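# Observations on chain architecture
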Amino acid sequence: SQYSAVDTNPLSVYIMQPIWNKIIKLVPLWIAPNLLTFSGFVMVLFNYFLISFYDWDYTASGTSPGLVPTWVWLFSAFTTFCAYALDSIDGKHARRTQSSTPLGELFDHGLDSWATSIFVLSFFSVCSRDNGKTGVSVYTMYIYLSIVLFNFMCSHWEKYNTGVLFLPWGYDISQVVLIAAYLLTGTVGVEVWQKPLLFGYYITDVLVILLIGFSLFLSFPQTLYNIHRAHLKKTLKNDSLYEGLLPLVSPLLLFLLLTVWVVLSPSNILAKQPRLFLWMVGVAFSNVICKVIICQMSSTRPELFHWFLFPLALVVYAAISGLLGCMEEAVLGAFTALLTAAHVHYGVCVGKQLSEHLNIYIFSLKKRVQE
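For the structure given in this document, a descriptive report is provided here. Since this is a predicted model, take the numbers as computed values, not measurements.

Rules used in this analysis
Residues numbered from 1 in each chain as written. Predicted model: local features only at pLDDT ≥ 70, side-chain atom pairs only at ≥ 80, totals over all residues. Heavy atoms only, no water. Salt bridge = Lys/Arg side-chain N within 4 Å of Asp/Glu carboxyl O. Helix = DSSP H or I, 4+ residues; strand = E, 2+ residues; numbered from the N terminus. Buried < 20%, exposed > 50% of the residue type's maximum accessible area, 1.4 Å probe, protein only. Core = buried A, V, L, I, M, F, W, Y, C linked by side-chain atoms within 4.5 Å. Contact = heavy atoms within 4.5 Å.

Glancing now at the pattern of salt bridges. Across all of its chains, the model carries 4 salt bridges by this definition. The salt bridge partner of Glu105 is Lys159, with a shortest N-O separation of 2.8 Å. Placement of the pair is Glu105 in helix 5 (residues 102-127) and Lys159 in helix 6 (residues 138-162), with a sequence separation of 54 residues. Here Glu105 and Lys159 have matching classes, each one buried. Glu329 serves as the salt-bridge partner of Lys272, at 3.6 Å between the closest nitrogen and oxygen. Taken together, the positions of Lys272 in helix 10 (residues 269-272) and Glu329 in helix 13 (residues 328-357) put the pair 57 residues apart, joining distant regions of the chain. Exposure remark for Lys272: the relative accessible area of 47% places this residue in the partly exposed category. Overall, Glu329 belongs to the partly exposed group, its relative accessible area being 28%.

What follows is the structure in structure tokens.
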């Protein structure tokens, strides 16, 4: 299907787009657009692992503010800006080099679906987890991450039904806020997050309220409105309500299973291993979304139940019934590693299949030789 996206966000249209149009001129024409996309993703990953090294359990900013060196926050601002820029110019560069392909679209959105959670997980290190005085509880982190992922899913669910990707306003705003937060932390220190800002509210409270407000009162209603408009214009891709709602079944079941684990875990797994658990949430979600993106691009039906809902259900049942006992953390670790490996393997396989099918290389603009 032909790719179409609509961007109506004033921040993007009037401020960021002119910047990207200048930056794109610096990119040599022989560079493949997917290389830009991938480089941005690698920067996001590298930054995440760097922060994890200094702050594995999200306590560094709260208990001993100097634990994460200042340069790490400034580096985070830099990598976030680079990733944001690369993600914004890859499509422009593809049109410039006349190399726009479905593979590029999938590559871009597939990596975005994973990067979305990683951005959020890196940011949690800035505000630190609740230590009785300041910080955010691990449950707030889980809800916060879920809302961000729900927003991401909505825009692709909307595209599945309308054929048009309406770029969510939250994206540009969140990237600019992230970069500003890292710069603020690097220049002033993490203490800025630990003093009340207004009326006893902390910056983190304000951000959480903004995020929830944005999602519930802007993004989600906008999605429903766009689908409703397509329905009135008779341009909906799916005739029946069942078909239209089908892509939501697996993500909602995934959220349900994970929430049951969080709430009923005998060893309070989220509090013990927040970084591991939230990483697993992000990977699981990305895999489900990638399936929806592929279905939407190839006009095929998504399956009702995503395959790993079954092993996940088993693990969750074993954990909450007390079967795992003191092995719960170890099983979470093993499950997370397997899931991550499966997700990477899936991405590599889809990429290889598409590149062979379309007769192109993923990271080069050279044409494949026909055999």
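By size, the foremost hydrophobic cluster in this structure holds 98 residues, and its most contacted members are Phe123, Phe124, Tyr144, Leu254, Trp261 and Phe277. Setting aside its immediate chain neighbours within four residues, Phe277 contacts Tyr142, Leu258, Trp261, Val262, Ile269, Leu270 and Leu332.

Here we take up unusual backbone geometry. Here the phi dihedral of Lys234 falls at roughly 60 degrees; this positive angle occurs in a residue that is not glycine. Within the element layout of this structure, Lys234 appears in the loop between helix 8 (203-232) and helix 9 (241-264). Its relative accessible area of 73% is what places Lys234 among the exposed residues. In this model, Asn268 sits at a positive phi of 55 degrees, which is unusual for a non-glycine residue. When you line up the elements, Asn268 lands in the loop between helix 9 and helix 10. Judged by relative accessible area, Asn268 falls into the partly exposed class, the value being 31%.

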